[in-house]
Amino acid sequence: MTESTVEDPKTKYFNGKYPKQKQEAPAVQKKMDPRPDCGEKSYRGSGKLKGRKALITGGDSGIGRAVAIAYAREGADIAINYLPVEEEDAREVQKLVEAEDRKAVLIPGDLSNESFCKEMVEKANQELGGLDILALIAGKQQAYPSIEEISTEELRKTFEINVFSLFWTVKAALPLLPEGASIITTSSVEGYNPNPMLLSYAPTKSAIIGFTKSLAKQLASKGIRVNAVAPGPIWTPLQISGGQPSEAIPQFGQMTPMKRAGQPVELAGAYVLLASNESSYVTAQVYGVTGGIPTA
Ligand code: NAD
Ligand code: MG
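Positions within a chain are numbered from 1, following the residues in the order the chain's sequence is written. Each chain gets a letter, beginning with A, and each ligand a number, beginning with 1, in the order they are written. At least 70 in pLDDT is required for a residue's local features to be given in this predicted model, at least 80 for side-chain atom pairs to be given and counted, and no such filter applies to totals for whole chains, interfaces and linings, which use all residues. For the side-chain quantities, the full set of heavy atoms in the structure was used; hydrogens and water were omitted.

Caption draft 1: Representation of the site of ligand 1. Taken together, 30 residues sit near ligand 1, with Ser61, Glu86, Tyr201, Thr236 and Gln239 positioned nearest. Gly62 is positioned with one of its backbone polar atoms (N or O) 3.3 Å from an oxygen atom of ligand 1. Separating a nitrogen atom of ligand 1 from a backbone N or O atom of Leu111 is a distance of 2.9 Å. Shrake-Rupley sampling with a 1.4 Å probe provides the accessible areas, and residues are treated as covered by the protein chains on show and by no other component. Starting from 800 Å² of accessible surface for ligand 1 in isolation, the protein chains cover 96%. Helix and strand definitions follow DSSP, with helices as H or I runs of at least four residues and strands as E runs of at least two, each counted in order from the N terminus. Only α1 (62-73) and β2 (77-82) provide two or more residues apiece to the shell around ligand 1. A single heavy atom is enough: if one lies within 4 Å of a molecule or strand, its residue is considered near that molecule or strand. Pairing of N or O atoms within 3.5 Å defines a polar contact, subject to two protein rules: one partner must be a possible hydrogen donor and the other a possible acceptor, and residues neighboring in sequence count only if both atoms are side-chain atoms.

Caption draft 2: Representation of the coordination of the magnesium ion (ligand 2) within the structure. Those donors, Asp60 (OD), Ser61 (OG) and Glu86 (OE), are the protein atoms that reach the magnesium ion (ligand 2), and they lie 2.1 to 2.2 Å from it. Sodium, potassium and calcium take a 3.2 Å donor cutoff, other metals 2.8 Å, and in both cases only N, O and S atoms count; water is not among them, so sites may look incomplete. On the primary sequence, the residues serving as donors to the magnesium ion (ligand 2) are separated as D-S-x24-E.

Caption draft 3: The side chain of Thr169, seen in detail. Within the secondary structure, Thr169 is located in helix α4 (residues 152-173). Here the term buried applies to any residue with accessible area under 20% of the maximum for its type, exposed to any over 50%, and partly exposed to those in between, with areas from a 1.4 Å probe on protein chains only. Residue class for Thr169 comes out buried when judged on its relative accessible area of 1%. Of note is the side chain of Thr169, whose polar atom sits 2.7 Å from the backbone oxygen of Ser165. Excluding residues within four positions of it along the chain, Thr169 makes contact with Leu55, Cys117, Met120, Val121 and Leu136. Residue contacts follow a heavy-atom distance rule, with two residues in contact if any of their heavy atoms lie within 4.5 Å.

Caption draft 4: The arrangement of the side chain of Asp89 in detail. With respect to the helices, strands and loops of the structure, Asp89 is situated in helix α2 (residues 87-98). Apart from the residues lying within four places of it in its own chain, the contact partners of Asp89 are Ala27, Val28, Gln29, Lys30, Asp60, Ser61 and Arg65.

Caption draft 5: The packing of α1 against α2, seen in detail. For helices, the fitted axis covers only the stretch in contact; all axes are lines through C-alpha atoms, and the angles between them, taken along N-to-C directions, range from 0 to 180 degrees. The interhelical angle for the contact between α1 and α2, taken along N-to-C directions, is 15°, at an axis separation of 9 Å. Relative to α2, α1 is oriented roughly parallel. Viewed along their axes, α1 and α2 form a crossing whose handedness is right-handed. From α1, Arg65, Ala68, Ile69, Ala72 and Arg73 reach across to α2, where they touch Asp89, Glu92, Val93, Leu96 and Val97. Classifying every residue of the contact of α1 with α2 by side-chain character gives 6 nonpolar, no polar and 4 charged. Should an angle fall under 35 degrees it is taken as roughly parallel, and over 145 as roughly antiparallel, whereas 65 to 115 is taken as roughly perpendicular and any remaining angle as oblique. Helix crossings get a hand from a simple test, with the near helix turned counterclockwise from the far one by less than a right angle marking a left-handed crossing and a clockwise turn marking a right-handed one. Side-chain classes follow a simple rule in which Ala, Val, Leu, Ile, Met, Phe, Trp, Tyr, Cys and Pro form the nonpolar group, Asp, Glu, Lys and Arg form the charged group, and the remainder, Gly included, forms the polar group.

Caption draft 6: Region of the structure containing the sheet that holds β2. The rule for pairing is simple: two strands pair if DSSP sees at least two bridges between them. A sheet is described by the order of its strands in space; here 7 strands give the open sequence β3-β2-β1-β4-β5-β6-β7, paired in parallel fashion. Each edge of the open sheet carries a strand with a single partner, namely β3 (104-108) and β7 (286-289). With direction set aside, neighbouring strand axes in the sheet form an average angle of 15°. Two strands pair when backbone bridges link them, and strand β1 (residues 53-57) and β2 are joined in this way by 5 bridges, in the parallel orientation. Considered in β2, the bridge of Ala54 is made with Ile78. The strands that α1 touches are β1, β2, β4 (133-136), β5 (182-186) and β6 (225-231); relative to β1, the one it contacts most, it runs at about 165°. Strands in contact with helix α3 (residues 114-128) are β1, β2 and β3; relative to β3, the strand with the most contacts, it is inclined by about 165°.

Caption draft 7: The packing of aromatic side chains, seen in detail. To pair, rings of Phe, Tyr and Trp, with the six-membered ring standing in for Trp, must have centres within 6.5 Å; the planes then decide the type, stacked if under 30 degrees apart, edge-to-face if over 60, and tilted in the middle. Here the structure, examined in full by the defined rule, presents 4 aromatic pairs. Taken together, a centroid distance of 4.6 Å and an interplanar angle of 40° make the contact between Phe14 and Tyr18 tilted. We classify Tyr18 as buried; its relative accessible area is 3%. Here the aromatic rings of Trp235 and Phe252 are separated by 6.4 Å at their centres, their planes lie at 50°, and the arrangement is tilted. With a gap of 17 residues between them, Trp235 in the loop between β6 and α6 (265-275) and Phe252 in the loop between β6 and α6 connect regions that are remote in the sequence. Using a relative accessible area of 0% as the deciding quantity, one classes Trp235 as buried. Of the residues examined, Phe252 reaches a relative accessible area of 5% and is grouped as buried. Through pairs of rings, three or more aromatic residues link up here, namely Phe14, Tyr18, Trp235 and Phe252.

Written out as structure tokens, the structure is:
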């Protein structure tokens, strides 16, 4: 008899109370308790991205790490971007990717700098010998109880990292992307139903939806697809470094219909699908991975 693969999504991953914890942003995944599950032990590939060349921003930790592991196990060579202080997390990802006999190029640097975005694209293209997937996952999120606490500098940085960097990176990469390339951005449930504490962040996630749909319509004639993923509450370094107030950490994710936070590995399938030829007729869409929070 064939064994069934049926699994209960309510209990498949951690669904208890998280221990209170706080790190400075950007937090390091290595110091989290429990450590996020990025598929290190569980993700199994099946050649869906064989021979592909992917640049992944935020690839050191959280959702970006899960995507890096999945892409490598699906047969892609990858370049990951992250901030220099996250080197330790990035090295772990490099080891995991190299264990699959895939290339892992490390490109630390700050995406809020336009010339760095160009250098990153050039380096990824050169070291991978081409580029045909952009998985743009990096982001900044800080919770503030009041608009009065958000400085212009903080607002500007959040928009530069979350929105402007997409514009700069895609602009630099476009001449290099072949027909069949795929661009994937990272929005959020916050782009649809914004939390009052996330006034500097939620509007960037709405802007990403507009950017993604507009760009998709522009690039369809070039054979390049552009889609977004909209995660719900996912257990990652972003959340324990000011993305949520500390007192909200224990019950993080429990307000979803699934009554638990998601783990980064649960996003991997969406990013793989949107990068792969299986989604050849999918463009200008937003794929929600939210534990049941609606995204319309
Ligand atoms: P994460 O902390 O693991 O990843 C965010 C990454 O952004 C960091 O690893 C860092 O490398 C990168 N980053 C931040 N500022 C940068 C800068 N100036 N230059 C270069 N890189 C920079 O957390 P995550 O939750 O996996 O976040 C990934 C994406 O998912 C973000 O865009 C976030 O907005 C989005 N998202 C997360 C959740 C969630 O609940 N965790 C929900 C919805 C959307
Ligand atoms: Mg990180």
